[in-house]
Amino acid sequence: MDEIMDEKNIWKEKICAALNEALEELHLGETVDTGDIIAELPPKPEMGDLGFPMFPFAKKFKKSPPQIAALVVNKVNHPSLAQGSAEVFTLGPYVNVKLDRAQTASRVISAALNANKDFFTGGKNSDKKDLCGKKIMVEFSSPNTNKPLHLGHLRNDVLGESISRILAACNAEVQKVCIINDRGIHICKSMLAYQEYGNGETPESAHIKSDHFVGKWYVRFSLMEKMEKAEESALERARQLLLKWEAGDTETVALWKQMNQWTVNGMKETYKRTDISFDKYYFESDTYLRGKDEVLKGLERGLFTKEVDGSIQADLTAENLDKKVLLRKDGTSLYITQDFGTAILRHDDWAFDKLVYVVGSEQRYHFQVLFILLAKMGFAWAKDLYHLSYGMVNLPEGKMKSREGTVVDADDLIDELRDMALAEIRDKAREEIVGDAPQTAEKIALGALHYYLLQVSPERDMLFNPKESLSFNGNTGPYLQYMGARISSILQKDEAKALLEGKNDDAKIKFELLVSDSEWELVKTIAAYPEALEAAARAMNPSLLASFLYELSKNFARFYHECPVLNADTQDLQRARLELCRAVLAVLRAALNLVCIPFLESM
Ligand code: ARG
């Protein structure tokens, strides 16, 4: 395996060795560790490529930082240590390094082009023991079956899918799972409305996508609730339906099955469309009884109490939390009851090292309670559960309200984005160039949507602006897709193909020609990929990869503006720049895939 072109770490080690050598000579009985060395990116090009502050060592050396910096530079520049043509110098309290551009370019480009394993897995595996080979289960999407997926789910879905891809890229073993909350009062509401007013209508007869069809009855239920008198309330009838369901009433169960099937089938179409997938679906109807058992066991063991009203509760006041109902007075299960069962069954199925729940921030309290209670019940793995909480996503005022006027259906939003993208392709008369225009428009829509949703840190609330997301200039998905298409088209040109033919002969490529500032910036950006990937995996934050992609695209645009590729002065330069383009494309494609943005050859 090639050595990774991780210049930063190489230099950290060199500086560390120099510091220790100097300390030894001073007989101070102190040492430093590579982990103590901080690497910074100097703010100005003339300050070099890396800067190492010496402040942290003042105490150990009993000297001022500039004095220490001078000592280190002396050591590092000693003729016995060959530095290539890197320059090492002091700037006040800093040791600064100007890297050898030609040497670095050659190593970085080769790593990207030869799909160097360490490069594409976010750094040396030996440094990533907490990720590499770890069994990480990621739960996301997890819809209720009373209505179709909405805008909030789109953020959840892409976060879960992207985090899973990022962790897997860092060599974690990932299982993507979904819990379908198919049981409970919410689905009974849609069922009740359909039972009373449905007249045997079906999604087919109504020509409505099947999950939207169920959603229509959920909306109808709200209307019923508004119109009816309290004593014969629709909610009460829905509760009766839930009791009948839990008692196994044949007719109720048949209706429930039918309506859930409609919803789940419809949702699966949306997942497919957005390139979201799961290794396993769990259904609340299969897990809630296990949860109920655990609650009853806990009652026997004195962990929980039976209240006078007959409900079973957990007292968490000692933990500064509330009392929590775990089984209702009528014996029916609650949301948390099924979550006990779901977690336990998951751990039985696949003994994870970590289970990540991608769920909205409004459920923070729920997960806090869930994790504490599972620990109380004695499940040692409760400490490995993690709630990845994300913020709300809204549309700007006045944009695309759904029929109910509150949430926006996922399908409708994607349709709208696709139509806008298609109109743009037609306006610009690019239909011939792109080939299949509707398909391209769909991919642009997904790129726009996914990037917009991921570029914000998960914990932050956000507004989704459809028009802005589709813009070709600026920090958007289509801008990144456009860079990919642009590089692809350069590489597709006949002259490029002819030049690249002798490709296997790396020795012939004169990387030392790639030393202009914009080439160098681009090389350094490529070199930053493993670090960006690893940081995104550790923080489970795809926005870190999103910013990396934007940097890469911007730096490519600048390079392409300043450095002619096929019109470069010499063949050697053309060839070297083409290799640089290929390396950018390899990294761009890999990173786009991790943030769920479709790659386009042309657009
Ligand atoms: N279905 C729930 C909802 O729509 C989210 C489920 C989250 N996952 C969990 N294991 N509780 O609010």
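Look up a bit, the structure's there.
The structure displayed is predicted, hence computed values, not measured ones.

### Examining the site of the ligand
If you check the shell around the ligand, you find Glu139, Ser142, Pro143, Asn144, Ile179, Asn181, Tyr335, Asp339, Tyr357, Val359, Gln363 and Phe367 and nothing else. Take Glu139: an N or O atom from its side chain is 2.7 Å from a nitrogen atom of the ligand. Contact distances for the ligand include 2.8 Å between a nitrogen atom and a backbone N or O atom of Ser142. With the chains in place, 86% of the 350 Å² that the ligand exposes on its own is no longer accessible.

### Structural notes on the sheet that holds strand S10 (residues 354–360)
One open sheet holds the five strands; their spatial order is S6-S5-S4-S10-S11, and the pairing between them is parallel. The open sheet terminates on both sides in strands that have one partner only, identified here as strand S6 (280–283) and strand S11 (385–390). Pairs of neighbouring strands in the sheet enclose a mean axial angle of 25°, with direction left out of account. Relative to S11, S10 runs parallel, the two being bridged by six bridges. Bridge pairing in S11 places Leu355 opposite Leu385.

### Quick look at the packing of aromatic side chains
What the rule picks out here adds up to 26 aromatic pairs. A ring pair is formed by Trp245 and Tyr288, whose centres lie 5.7 Å apart and whose planes are at 40°; its orientation type is tilted. Highlighted residues: Trp245 in helix H10 (residues 234–246) and Tyr288 in helix H12 (residues 284–300), separated in sequence by 43 residues. Overall, the relative accessible area of 8% leaves Trp245 in the buried class. Relative accessible area serves as the criterion here: at 6%, Tyr288 is assigned to the buried category. An angle of 55° between the planes, with centres 5.7 Å apart, marks the rings of Phe556 and Phe559 as tilted. With Phe556 and Phe559 both in helix H23 (residues 543–562) and three residues apart, the pair spans about one turn of that helix.

### Overview of the side chain of Ser457
With respect to the helices and strands, Ser457 occurs in the loop between helix H17 (437–454) and strand S13 (462–463). In this structure, Ser457 is in contact with Arg155, Asn541 and Ser543, ignoring residues within four places of it in sequence.

### Concerning the pattern of salt bridges
According to the stated counting rule, one finds 40 salt bridges in the structure shown. Of the charged contacts in the structure, one is a salt bridge between Asp211 and Lys209, with a shortest N-O distance of 3.1 Å. We classify Asp211 as buried; its relative accessible area is 0%. Connected through salt bridges with shared partners, the residues Arg273, Asp415, Arg418, Asp419 and Glu442 form a single ionic network.

Each value, and the rule that gives it
- Residues numbered from 1 in each chain as written.
- Predicted model: local features only at pLDDT ≥ 70, side-chain atom pairs only at ≥ 80, totals over all residues.
- Heavy atoms only, no water.
- Near = heavy atom within 4 Å.
- Polar contact = N/O pair within 3.5 Å; in protein donor to acceptor, adjacent residues only side chain to side chain.
- Areas by Shrake-Rupley, 256 points an atom, 1.4 Å probe, with all protein chains shown as cover.
- Pairing = 2+ DSSP bridges.
- Helix = DSSP H or I, 4+ residues; strand = E, 2+ residues; numbered from the N terminus.
- Axes fitted to C-alpha atoms, helices over the stretch in contact; angles between N-to-C directions.
- Phe/Tyr/Trp six-rings, centres within 6.5 Å; stacked < 30°, edge-to-face > 60°.
- Buried < 20%, exposed > 50% of the residue type's maximum accessible area, 1.4 Å probe, protein only.
- Contact = heavy atoms within 4.5 Å.
- Salt bridge = Lys/Arg side-chain N within 4 Å of Asp/Glu carboxyl O.

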